[in-house]
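Structure assessment
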Amino acid sequence: MLRNSETGFGWVTIVLHWTIGLLILGLLLLGFIMRRTGIDPALQFALYQWHKSFGFAALGLALIRTIWWLVERTPSPPASVSPLERKAARLTHDTLIVLGIVVPFTGWAVASASTLNIPSFFFNMIVIPHLPLARSETSENFWTFAHALLAYVALAMVAIHAAAALYHHFKRGDEVLTRMLHPAVGVSSGGRSARKRHDAAVGGNDR
Amino acid sequence: MTITINSAVKATLYIAFVFSTSVAKAQAPALADAAGSYRIASSSSIQFSVGQVGGGGGIAGRFAKFSGGFRIDGANIERSSVEFTLYPESVRASERRVEDFLRSSAVFDAANFQTVTFRSTRVRQTGPATATVEGALTARGKTRKERFAVTLTDWNRRSISFTIRGSIRRSPYGMDVGTPIYSNVVEFNMRITGQRR
Ligand code: HEM
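Predicted model only: the values in this text are computed from it and were never measured.

Let's shift gears to the confidence of the model for chain A. Detailed reading of the predicted coordinates is not advisable wherever pLDDT falls low. When pLDDT is averaged along chain A, the result is 90, and 89% of the positions lie at 70 or above. Throughout residues 187-207 of chain A the model reports pLDDT below 50, and contacts reaching past four residues in sequence, or to other chains, amount to 13 contacts.

Attention now moves to the nonpolar core. Grouped together as the largest cluster of nonpolar side chains are 48 residues, with contacts concentrated most on Ile46(B), Phe70(B) and Phe188(B). It is strand S11 (residues 182-196) of chain B that contributes the most residues to this core, five residues altogether. Excluding residues within four positions of it along the chain, Phe70(B) makes contact with Gly36(B), Ser37(B), Tyr38(B), Ile40(B), Ser81(B), Val82(B), Ile160(B), Phe162(B), Ile192(B), Gly194(B) and Arg197(B). Within the second largest apolar cluster, nine residues are counted, among which are Leu59(A), Ala62(A), Ile101(A) and Phe122(A).

Residue and element names in this part refer to chain B. Positionally, serine 44 belongs in the loop between strand S1 (36-40) and strand S2 (45-52). Given a relative accessible area of 6%, serine 44 falls into the buried group. A polar contact is formed between the side chain of serine 44 and the backbone oxygen of alanine 41, at a distance of 2.7 Å. Excluding its chain neighbours within four sequence positions, the residues that come into contact with serine 44 are Phe66, Arg191, Ile192 and Thr193.

Residues and elements named next belong to chain A. Inspection of the region around the ligand gives 22 residues, with Arg35, Tyr48, His51, His147 and Tyr152 positioned closest. Within the side chain of arginine 36, one N or O atom sits 3.4 Å away from an oxygen atom of the ligand. Separating an oxygen atom of the ligand from a side-chain N or O atom of threonine 144 is a distance of 3.2 Å. At the level of elements, helix H1 (11-35), helix H2 (41-71), helix H3 (83-113) and helix H4 (137-172) are the ones that each hand at least two residues to the shell around the ligand. Looking at which element gives the most residues to the shell around the ligand, the answer is H1, with six residues.

Residue and element names in this part refer to chain A. Protein ligation of the iron atom of the ligand involves His51 (NE2) and His147 (NE2), the donor distances falling in the range 2.0 Å. Around the iron atom of the ligand sit six donor atoms; with metal-centred angles ranging over 86 to 180°, the donor geometry is octahedral. Highlighted residues: histidine 51 in helix H2 and histidine 147 in helix H4, separated in sequence by 96 residues. Like histidine 51, the residue histidine 147 is buried in the burial classification.

Taken as a whole, this structure holds 15 salt bridges over all chains when the rule is applied. Across the pair Glu85(A) and Arg172(A) runs a salt bridge, and its minimum N-O distance is 2.3 Å. In this pair, Glu85(A) is assigned in helix H3 and Arg172(A) in helix H4, connecting sequence segments 87 residues apart. The class for Arg172(A) is partly exposed, based on a relative accessible area of 33%. Between Asp73(B) and Arg71(B) there is a salt bridge, with the nearest N and O atoms lying 3.9 Å from each other. Connected via shared salt-bridge partners are Glu89(B), Arg96(B), Glu99(B), Asp100(B) and Arg103(B).

So, about the interface of chain B and chain A. Taken together, the 15 residues of chain B in the interface contact 15 residues of chain A. Here chain B packs against chain A, burying approximately 1200 Å² in sum over the two surfaces, 69% of which is carbon and sulfur. Broken down residue by residue, the surface that chain B buries against chain A is led by Val53(B), Arg97(B) and Ile181(B), which jointly contribute 38%. Between Arg97(B) and Glu140(A) there is a salt bridge, and its shortest N-O distance comes to 2.8 Å.

Here the focus is the confidence of the model for chain B. All names here are of chain B. For chain B, the average pLDDT comes to 88, and 84% of its residues sit at 70 or higher. Low pLDDT, under 50, characterises residues 1-25; the stretch is placed with 16 contacts to residues that sit more than four places away or in other chains. At the level of chain-chain contacts, confidence expressed as ipTM amounts to 0.85, with global pTM at 0.86.

What follows covers the packing of aromatic side chains. All names here are of chain A. Taken as a whole and judged by the stated rule, the model has 16 aromatic pairs over all chains. Ring centres of phenylalanine 56 and tryptophan 108 lie 5.1 Å apart, and the angle between their planes is 85°; on these two criteria the pair is classed as edge-to-face. Taken together, the residues span a long stretch of sequence, with phenylalanine 56 in helix H2 and tryptophan 108 in helix H3 at a distance of 52 residues. For phenylalanine 56, a relative accessible area of 13% translates into the label buried. For tryptophan 108, a relative accessible area of 16% gives the class buried.

Parameters at a glance
- Residues numbered from 1 in each chain as written.
- Chains lettered and ligands numbered in written order.
- Predicted model: local features only at pLDDT ≥ 70, side-chain atom pairs only at ≥ 80, totals over all residues.
- Heavy atoms only, no water.
- pLDDT = per-residue confidence, 0-100.
- Contact = heavy atoms within 4.5 Å.
- Core = buried A, V, L, I, M, F, W, Y, C linked by side-chain atoms within 4.5 Å.
- Buried < 20%, exposed > 50% of the residue type's maximum accessible area, 1.4 Å probe, protein only.
- Helix = DSSP H or I, 4+ residues; strand = E, 2+ residues; numbered from the N terminus.
- Polar contact = N/O pair within 3.5 Å; in protein donor to acceptor, adjacent residues only side chain to side chain.
- Near = heavy atom within 4 Å.
- Donors = N, O, S within 2.8 Å, 3.2 Å for Na, K, Ca; no water.
- Tetrahedral: all angles 85-135°; square planar, octahedral: opposite > 155°, others 65-115°.
- Salt bridge = Lys/Arg side-chain N within 4 Å of Asp/Glu carboxyl O.
- Buried area = accessible area lost by both parts, 1.4 Å probe.
- Phe/Tyr/Trp six-rings, centres within 6.5 Å; stacked < 30°, edge-to-face > 60°.

Laid out in structure tokens, this is it:
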């Protein structure tokens, strides 16, 4: 149940997937709002600090996710997925894994290169040191640009990724989305009927 | 005109200081000699700093525009008084973004509160050349009792200089933005020169 099987995801993958997903969407929204001018300056300062704390949390989880992704097997796609779709999915997933790490690193670089030298005080608990980057306006501007660009590329990838999952669920009626919601119980890569049988079996055991 | 007088005074003070420090710490003048009314000279400096978590840097700045005066009571030093105004709009810091933030509604709210004022209520001599000054500090429309430590550093017939230090907690004035990353305590370090009126 914790680990992935040949046909489905285990809880470790599922929980990491949705936690990181929520964090990334929240950070995109927070990042977008805090950068708007005309926002109350005290609120803006607070939002920046929340963004950094949640960003570090996202980075930590993304690193765990990547290690897990490297050491744990990846279930093969449902049989209904064509080779071209597999390639596209693989590319999207690889990109998301990389961006999940690179985007927060570029954010960390912004905080580190900034001439403001504002400490990163992770949820007001521990100080996370700056990356060893020279502090200058040029460097800060470069990393700000890189961070924003890559963050919005990540948003685009998330949108494609989510659209594909919804397409599979509602148009194709396959398991692509549902198997990221709860672990597959069976060993076979059967379709819906197989899942129904398992659900019934699990329900029976519960009593 | 004022500029030439100021720089002349500054030069005199500097020379006096260089000579006097090597011999002895500035000695307290006979009170009768120092008694009088003084205007705070623009050559004075009002610096402040706020520490940051993990050490290093913090926020440091100064105020370019201020005014005020003090009166030294010859008969009883404890009856001396000081009043002081500084203009947060004139705050200077390491860079523009910091200055704008300090002026903004997050800190001084300089648009709505043009001045920060101090009016002494009590002066207590603590040593031959030291005193504490207690008084009402008003910032952002809030007034509180604060205390500063004063040390005499130099004096002559026309002017007198002090260093003044104080640690002010900013939260009571509604300026606690940035805590706990930045300390709640602002350290003031002022070098005040008064010119006899
Ligand atoms: C997955 C993680 C992250 C995402 C999705 C994300 C997303 C964003 C977005 C969308 C913006 C606004 C860009 C703009 O419109 O200009 C932004 C800005 C920013 N981010 Fe992140 N961020 C993440 C992690 C981090 C981390 C870990 C840090 C620092 C420790 C950080 C620091 C910043 C800073 C300082 C800015 C403002 C740049 C500026 O105003 O100059 N971010 N982020």
